[in-house]
Amino acid sequence: QKMGLKTDTFDELTRLVQMFPDSADAYAARAAYETEQKQYDIALFDWDEAIRRKPLKSGFVVSKADILISQYRMDEARQELNAAVKRGVPRYALKEWFDKCKK
């Protein structure tokens, strides 16, 4: 990635997901890279997969919410945050993103 080999980086991250399909961290790594590359639609899919595997990991939730907020999809971001709270993620851990949804 640091060498600027975007295709190779994406291929390696995809291979990582294929090798460890139950790994939330593999999906999160790929989603973070996709977000960095501004490939938001596929990043949202991968964040969903990561969240499905580790539903209480607030970092995954806020990463997805960040994308939605940056695209002015406030209602969807708020729904995602509320769903996380219902799953057991502490509301105070998500406060900053709830506040962003109000703007």
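Residues numbered from 1 in each chain as written. Predicted model: local features only at pLDDT ≥ 70, side-chain atom pairs only at ≥ 80, totals over all residues. Heavy atoms only, no water.

K.L.:
Just checking my understanding: could you explain the overall build of the protein for this structure?
P.N.:
What the protein contains, in helices and strands, is 6 helices and 0 strands. When the elements of the protein are put in sequence order from the N terminus, they spell out α-α-α-α-α-α. On C-alpha atoms alone, the protein measures out to a radius of gyration of 14 Å, which is about the 13 Å that the 2.2 N^0.38 rule sets for 103 residues. Over its C-alpha atoms, taken along the principal directions, the protein stretches across nearly 40 × 25 × 20 Å. Across the 103 residues of the protein, 36% fall into the buried class. Restricting to contacts in the protein with at least 6 residues of sequence separation, those with at least 24 account for 45%. For the protein, the exposed surface amounts to about 6,400 Å²; the carbon and sulfur share of it is 54%. When the 19 positive and 17 negative side-chain charges of the protein are each reduced to one mean point, those points stand 6 Å apart. (Helix = DSSP H or I, 4+ residues; strand = E, 2+ residues; numbered from the N terminus. Rg over C-alpha atoms; globule rule 2.2 N^0.38 Å. Buried < 20%, exposed > 50% of the residue type's maximum accessible area, 1.4 Å probe, protein only. Contact = heavy atoms within 4.5 Å. Areas by Shrake-Rupley, 256 points an atom, 1.4 Å probe, with all protein chains shown as cover. Lys, Arg positive; Asp, Glu negative; His and termini not counted. Charge placed at Lys NZ, Arg CZ, Asp CG, Glu CD.)

K.L.:
How do you make sense of unusual backbone geometry when you look at a structure like this?
P.N.:
Across the chain, the bulk of peptide bonds are trans and the bulk of non-glycine residues have phi less than zero. Backbone geometry at Lys-38 places phi at a positive 65°, although glycine is not the residue there. One can find Lys-38 in the loop between α2 (24-36) and α3 (40-53).

K.L.:
Please explain the packing of helix α5 (residues 74-87) against helix α6 (residues 95-102) as it appears in this structure.
P.N.:
Two numbers describe a pair of packed helices, the interaxial angle and the distance between the axes. Across the interface, α5 lies against α6 with an axial gap of 9 Å and an inter-helix angle of 150°. Regarding the angle of α5 to α6, the classification is roughly antiparallel. Seen from above, α5 lies across α6 with left-handed handedness. For the pair formed by α5 and α6, the contact residues are Met-74, Ala-77, Arg-78, Leu-81, Asn-82 and Val-85 on the first element and Trp-97, Phe-98, Lys-100 and Cys-101 on the second. Residue classes in the contact of α5 with α6 are distributed as 7 nonpolar, 1 polar and 2 charged. (Axes fitted to C-alpha atoms, helices over the stretch in contact; angles between N-to-C directions. Parallel < 35°, antiparallel > 145°, perpendicular 65-115°, else oblique. Left-handed = near helix turned anticlockwise from the far one by under 90°. Nonpolar A, V, L, I, M, F, W, Y, C, P; charged D, E, K, R; others polar.)

K.L.:
Just to check I follow, could you spell out the pattern of salt bridges for this structure?
P.N.:
When the charged atoms of two side chains with opposite charge come close together, those side chains can pair. Per the stated rule, a full pass over the model turns up 14 salt bridges. Of the charged contacts, one joins Lys-54 and Asp-25 as a salt bridge, the two residues approaching to 3.5 Å between their closest N and O atoms. Placement of the pair is Lys-54 in the loop between α3 and α4 (58-70) and Asp-25 in helix α2, with a sequence separation of 29 residues. Note on Asp-25: relative accessible area 38%, which makes it partly exposed. (Salt bridge = Lys/Arg side-chain N within 4 Å of Asp/Glu carboxyl O.)

K.L.:
Looking at this structure, how should I read the packing of aromatic side chains?
P.N.:
For any pair of aromatic rings, the description consists of the separation of the ring centres together with the inter-plane angle of the planes. For the coordinates displayed, the defined rule picks out 1 aromatic pair. Ring geometry for Trp-47 versus Phe-60: centroids 5.9 Å apart, planes at 45°, classification tilted. Remark: Phe-60 occurs in helix α4 and Trp-47 occurs in helix α3; sequence separation between them is 13 residues. Above the ring of Phe-98, the side-chain terminus of Arg-91 is found at 4.0 Å from the ring centroid. (Phe/Tyr/Trp six-rings, centres within 6.5 Å; stacked < 30°, edge-to-face > 60°. Lys NZ or Arg CZ within 6 Å of the ring centre and 35° of its normal.)

No statement about biological role is implied by the geometric values presented.
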